[in-house]
Amino acid sequence: MLEISLHLMDLIENSLMAGARLVSVRIEEDPPPIDRMAITIADDGKGMPPEFLARVTDPFVTTRTTRRVGLGLGLMQANARAWGGDLTVASEPGVGTTVRIWFQRSHLDRPPLGDWAGTLVGLIVSRPEVDFEYYHRVGEDEFELCTRQLRQELGATPLHDPAVIAFLRDQVRQALETLGADRAEPCLDSPARA
C-alpha cells in the first residue's frame, strides 16, 4: 500500500467487523537516535480463538465471506519486517484483539503515514455507534482525541454534522502538522546519503 493510513484503515475495519464498540489507535514516533514508529490498534470485539490466532497472518486465512483471501495482517507484517520491525497479534475470545506494529521510522522503503486525518475522520463518521480513542506522540509532544468525550461536549449535535466533520479533520491535521508527525529523517549512513 502506498500509505500507512490505508493499512490502518484495513486493520480497523477488521475490528469493526468483529463487533468492536471501542477501537483505540495509538501511534508513537521516536525520532533518532531511537528512530522507531510503533502503532497499536486495540478493540473490544469478539476476539479470536487460539487456533485462528495462530494462523491470522496467513493471507489465505480470513473470516470474511466476501473473499477467500485476508491480506491485511499478512501484508502489514511483511511490510513491517521489510522496514526493520514486526507485527504481533494478541486476542482473547469475548475480550478483544490488540495488533502491535513497529518499524524503523526513517527506513527508506517505508511509505508516509498519508491522509490519516481523512481516514480517521471517515471511520469516525461512518460508524457513529463506535467509540474511537486516538493517541499520537512524536518525541515528547502528544495529541489525544476521544469520541466519547467529544460526544459529551457536543450534546445533541451528532458527529456526522458537517461542521463537526470539518472541525475534526482540521484538528487532526493541525495536530499532525504541529507534532511533526511522520517526518522521518533519513539515516546518515543510508545508501541515499552516500
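Refer to the structure printed above.
Residues numbered from 1 in each chain as written. Predicted model: local features only at pLDDT ≥ 70, side-chain atom pairs only at ≥ 80, totals over all residues. Heavy atoms only, no water.

Asker: Go over the pattern of salt bridges with me, naming the residues and quoting the values.
Answerer: By the definition in use, this model includes nine salt bridges. When the shortest N-O distance is used, the salt bridge between Arg 127 and Glu 129 registers 2.9 Å. Look at Arg 127 and you get partly exposed, because its relative accessible area is 23%. For Glu 129, a relative accessible area of 39% corresponds to the partly exposed category. What you see here is one network of salt bridges that share partners, running through Arg 26, Glu 28, Asp 30 and Arg 137. (Salt bridge = Lys/Arg side-chain N within 4 Å of Asp/Glu carboxyl O. Buried < 20%, exposed > 50% of the residue type's maximum accessible area, 1.4 Å probe, protein only.)

Asker: Can you explain the pairing of strand S2 (residues 36-43)? Please cite residues and give values.
Answerer: Extensive coverage of S2 is indicated by the burial of six of its eight residues. As paired strands, strand S1 (residues 22-30) and S2 are joined by eight bridges and run antiparallel to one another. Residue pairing in the sheet places Asp 30 in a bridge with Arg 36 of S2. In this antiparallel pair of consecutive strands, S1 and S2, the connection spans five residues, and Asp 35 shows a positive phi of 55 degrees. When S2 meets strand S4 (residues 96-104), the two strands line up antiparallel, connected through seven bridges. What sits directly across from Arg 36, in S4, is Gln 104. (Helix = DSSP H or I, 4+ residues; strand = E, 2+ residues; numbered from the N terminus. Pairing = 2+ DSSP bridges.)

Asker: Can you break down helix H4 (residues 116-126) residue by residue, with the values?
Answerer: Buried residues dominate H4, accounting for eight of its 11 residues. Of all the positions in H4, only Trp 116, Ala 117, Gly 118, Thr 119, Leu 120, Val 121, Leu 123 and Ile 124 are classed as buried. Contacts from the buried residues of H4 go to helix H1 (4-17), S1, strand S5 (131-138), strand S6 (141-146), helix H5 (147-154) and helix H6 (162-179). (Contact = heavy atoms within 4.5 Å.)

Asker: Help me get a handle on the sheet that holds S6, residues and values and all.
Answerer: Taken together, the six strands give an open sheet; going across it, the order is S3-S4-S2-S1-S5-S6, and neighbouring strands pair in mixed fashion. Unpaired on one side and paired on the other, strand S3 (86-92) and S6 mark the two borders of the sheet. Recorded for the sheet is a direction-independent mean angle of 5 degrees between the axes of neighbouring strands. Running at roughly 20 degrees to S2, H1 makes contact with S1, S2, S4 and S5 of the sheet. Running at roughly 160 degrees to S5, H4 makes contact with S1, S5 and S6 of the sheet. (Axes fitted to C-alpha atoms, helices over the stretch in contact; angles between N-to-C directions.)

Asker: Describe the nonpolar core, with residues and values.
Answerer: Counting residues in hydrophobic clusters, the biggest one holds 47 residues, and the most contacted among them are Ile 12, Val 23, Ile 27, Ile 101, Phe 103, Trp 116 and Tyr 134. Here this core takes seven residues from H6, the largest share from any one element. Other than its neighbours up to four places away in sequence, Ile 12 contacts Val 23, Val 25, Ile 41, Trp 116, Leu 123 and Phe 132. (Core = buried A, V, L, I, M, F, W, Y, C linked by side-chain atoms within 4.5 Å.)

On their own, these measurements won't tell you what the molecule is for.
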